[in-house]
Amino acid sequence: RMLDCYFKGDVAGGELLKRTADRLRIQNSGRQMYEGGHLLWEVLAHAMSGDLTRVRQASEEIAPFAKRYRQWVPVLRYAAAEHCRMTRDNERARQELELVLAEMPAGTHQIWSQVANSHVMVVLELGQNEAALAAARTYVESAERELGEVFYPLQLSFASARAACGDAAGAE
């Protein structure tokens, strides 16, 4: 429910539910099988809404997991890249996203398509439209081959790149 609130833009409701969940987690503090699993989706929701403060806070919560489990490192780096993007440091965001993508082929991590999407959008923000289109085309082909589908955010960034390159028909 917390994540649903965040994705709907109800930050106050999400924060209330997060405090409740944290309190329950402390009260029932046995070993948790999927401890922190919500943080991936929390970063995505805050990044989509442009909430710089909450992306930073989620990054701080992810950092201990990234130190213990290598699978969390791409999530932490993605959060750092989104933080850079939101502060208009698009070149640094691009570099961070490219490092994540170099270590994470399509289909090897659940955050891959969002990282690919963000990379295309950052490259577009840098005004490198042809490079963004080439990257988007590669990501779409990889998604089709490895995942069997192209998720909506990646479809959107591919269409945005095509439109930026003057392909209005392909952007539909």
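See the structure shown above.
What comes next is a walk through the structure. Throughout, residues of each chain are indexed from 1 in the direction in which the sequence is written. The predicted nature of this model means local features are confined to residues of pLDDT at least 70 and side-chain atom pairs, given and counted, to a pLDDT of 80 or more, with totals for whole chains, interfaces and linings taken over all residues. To get the side-chain values, all heavy atoms of the structure are used, and hydrogens and water are removed first.

Time to look at the layout of surface pockets. Note on definitions: the grid is 1 Å and covers protein atoms alone; a cavity is a set of points where a 1.4 Å probe fits but cannot get out; a pocket is an open set with protein on both sides within 12 Å along at least five of seven lines; lining residues have an atom within 4 Å of a point. Grid points are joined across faces, edges and corners, and a volume is the space filled by probe spheres set on the points. Within this model, the largest pocket holds a volume of roughly 280 Å³. If you trace the largest pocket, you find 16 residues lining it, with Glu-82, Arg-85, Gln-114, Asn-117 and Met-121 closest to the centre. Secondary structure elements follow DSSP: runs of H or I of four or more residues count as helices, runs of E of two or more count as strands, with numbering from the N terminus. Among the secondary structure elements, those contributing two or more residues to the lining of the largest pocket are helix 3 (37-49), helix 5 (73-86), helix 7 (112-125) and helix 9 (152-164). With five residues, the top contributor of residues to the lining of the largest pocket is helix 7.

An α-helical turn contains 3.6 residues, so a residue and the one three or four places further along point in the same direction. Each residue is assigned to one of three classes by its accessible area relative to the maximum for its type, calculated with a 1.4 Å probe on protein chains only: buried under 20%, partly exposed between the two thresholds, exposed over 50%. Of all the positions in helix 3, only His-38, Leu-39, Leu-40, Glu-42, Val-43, Leu-44, Ala-45, His-46 and Ala-47 are classed as buried. Within two residues after helix 3, Gly-50 carries a phi angle of roughly 75°, on the positive side.

To define axes, lines are fitted to C-alpha atoms, for helices over the stretch in contact only, and angles between the resulting N-to-C directions are given on a 0 to 180 degree scale. In the contact formed by helix 3 and helix 4 (residues 52-68), the axes pass within 9 Å of each other and the chain directions differ by 160°. Accordingly, the angle class assigned to the pair helix 3 and helix 4 is roughly antiparallel. Of the two elements, helix 3 crosses helix 4, and the hand of that crossing is left-handed. Contacts from His-38, Leu-39, Glu-42, Val-43, His-46 and Ala-47 in helix 3 reach Arg-54, Val-55, Ala-58, Glu-61, Ile-62 and Phe-65 in helix 4. Orientation is classified from the angle alone, with under 35 degrees giving roughly parallel, over 145 giving roughly antiparallel, 65 to 115 giving roughly perpendicular, and any other angle giving oblique. By convention the crossing between two helices is left-handed if the near helix lies anticlockwise of the far one by an angle smaller than a right angle, and right-handed if it lies clockwise. Contact criterion: two residues are considered in contact whenever any of their non-hydrogen atoms come within 4.5 Å of each other.

Here we come to a nonpolar patch on the surface. On the surface, a nonpolar cluster with roughly 340 Å² of combined accessible area is contributed by Phe-7, Trp-41 and Met-48. Assignment of secondary structure puts Met-48 in helix 3. Each patch is built from salt-bridge-free residues with over 30% relative accessible area, joining like charges within 9 Å and nonpolar side chains (Val, Leu, Ile, Met, Phe, Trp, Tyr) within 5 Å. The method behind every accessible area is Shrake-Rupley, applied with a 1.4 Å probe, and residues are considered shielded solely by the protein chains displayed. Salt bridge criterion: a side-chain nitrogen from Lys or Arg within 4 Å of a carboxyl oxygen from Asp or Glu.

As enumerated under the stated definition, the model contains 10 salt bridges in all. Arg-54 is the partner of Glu-15 in a salt bridge, and the nearest nitrogen-oxygen pair spans 3.0 Å. Of the two residues, Glu-15 sits in helix 2 (residues 11-27) while Arg-54 sits in helix 4, which places them 39 residues apart along the sequence. What makes Glu-15 buried here is its relative accessible area of 18%. The residue Arg-56 makes a salt bridge to Glu-60 at a minimum N-O spacing of 2.8 Å.

Take the side chain of His-109 next. Turning to its location among the elements, His-109 is positioned in the loop between helix 6 (90-103) and helix 7. Not counting the four nearest positions on each side in its chain, His-109 is found in contact with Gln-71, Pro-74, Val-75 and Met-104.

As for its position among the elements, Leu-39 is in helix 3. A relative accessible area of 1% places Leu-39 in the buried class. Along the backbone, Leu-39 and Glu-61 are 22 residues apart, and their C-alpha atoms lie at a distance of 7.7 Å. In contact with Leu-39, not counting residues within four places along its chain, are Glu-61, Ile-62, Phe-65 and Trp-72.

Throughout this description, the term nonpolar core refers to a set of buried Ala, Val, Leu, Ile, Met, Phe, Trp, Tyr and Cys residues connected via side-chain atoms within 4.5 Å. One finds Tyr-78, Trp-112, Val-115, Val-120, Tyr-139 and Leu-154 to be the most contacted residues of the largest nonpolar core, which totals 42 residues. If we ignore the near neighbours within four places in the chain, the residues touching Tyr-78 are Val-43, Leu-44, Ala-47, Leu-97, Val-100, Ile-111, Gln-114, Val-115 and Ser-118.

In this scheme Phe, Tyr and Trp rings, the latter by its six-membered ring, pair at centre separations within 6.5 Å, and the angle between planes marks the pair as stacked below 30 degrees, edge-to-face above 60, and tilted otherwise. Under the definition given, this model contains two aromatic pairs. Taking the centre distance of 6.0 Å and the plane angle of 90° together, the rings of Trp-112 and Tyr-139 count as edge-to-face. On the criterion of sequence distance, the pair formed by Trp-112 in helix 7 and Tyr-139 in helix 8 (residues 129-146) is long-range, its members being 27 residues apart. Across this residue pair, the class does not change: Trp-112 and Tyr-139 are buried.

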